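Chain by chain, the residues:
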Amino acid sequence: MHQAARLEFERVMEEFARWHIVPADERSPAPAWWWGPAMAVFDDREPMSCAWCAELGLNEGASFADGAHTILALFVEQTSLTGPQDFPSKAEGGEHDARALHPQPSDDSAFQP
């Protein structure tokens, strides 16, 4: 497995653990940004760590592919997307204030005429 794919899947597993401890009725939908890392290991038959297997509810010795299938299964019935502000639990109070984006000074020194 490529090291970058492993690191991205590791990030997903850390987020999954945080997400999974939130009570189901307060939990946000699974975030779409998990899709790519799960697809990157979709065919990887290398065994995952015992901790990750347990976190995903899989038997010890399950592969990264098994973990990816479990993550992707979260999206099957899902009908909405999660925004970063709503992760790992649903936002309280409905609408969020839009963040103001302020202009940043540009550095055009790299583009000399």
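The structure we're discussing is the one just above.
These figures come from a predicted structure and were not determined experimentally. (Residues numbered from 1 in each chain as written. Predicted model: local features only at pLDDT ≥ 70, side-chain atom pairs only at ≥ 80, totals over all residues. Heavy atoms only, no water.)

**Student:** Outline the pattern of salt bridges, listing residues and values.
**Tutor:** This structure, assessed with the given rule, holds four salt bridges. Close ionic contact of Glu8 with Arg11 constitutes a salt bridge, the shortest N to O distance being 2.8 Å. Here the residue Glu8 and the residue Arg11 both occupy positions in helix 1 (residues 3–20), the gap between them amounting to three residues, near one helical turn. What makes Arg11 partly exposed here is its relative accessible area of 26%. Note that Glu15 and Arg11 form a salt bridge whose closest N and O atoms lie 3.3 Å from each other. In this pair, Glu15 and Arg11 are both assigned in helix 1, four residues apart and thus about one turn of the helix distant. What you see here is one network of salt bridges that share partners, running through Glu8, Arg11 and Glu15. (Salt bridge = Lys/Arg side-chain N within 4 Å of Asp/Glu carboxyl O. Helix = DSSP H or I, 4+ residues; strand = E, 2+ residues; numbered from the N terminus. Buried < 20%, exposed > 50% of the residue type's maximum accessible area, 1.4 Å probe, protein only.)

**Student:** Break down helix 1 for me, with residues and values.
**Tutor:** Under the 1.5 Å per step criterion, the end-to-end length of helix 1 is 25 Å for 18 residues, consistent within 8% with the ideal 26 Å. Along helix 1, the residues classified as buried are Ala5, Phe9, Val12, Met13, Glu15, Phe16 and Trp19. Those residues of helix 1 that are buried lie in contact with helix 2 (35–40), helix 3 (50–56) and helix 4 (64–73). (Expected span 1.5 Å × (residues − 1). Contact = heavy atoms within 4.5 Å.)

**Student:** Explain the packing of aromatic side chains to me, using residue names and the numbers behind them.
**Tutor:** Under the defined criterion, the tally for this structure stands at nine aromatic pairs. Between Trp33 and Phe87 the ring centres are 5.5 Å apart and the planes differ by 70°, which places this aromatic pair in the edge-to-face class. Residue Trp33 is found in the loop between helix 1 and helix 2, and its partner Phe87 is found in the segment after helix 4; the two are separated by 54 residues along the sequence. Both rings, one in Trp52 and one in Phe64, keep their centres 5.9 Å apart while their planes meet at 85°; by these two values the pair is edge-to-face. Of this pair, Trp52 sits in helix 3 while Phe64 sits in helix 4, placing them 12 residues apart in sequence. With a relative accessible area of 1%, Phe64 lands in the buried category. Lying over the aromatic face of Trp19, Arg27 brings its terminal NZ or CZ to 4.8 Å of the ring centre. (Phe/Tyr/Trp six-rings, centres within 6.5 Å; stacked < 30°, edge-to-face > 60°. Lys NZ or Arg CZ within 6 Å of the ring centre and 35° of its normal.)

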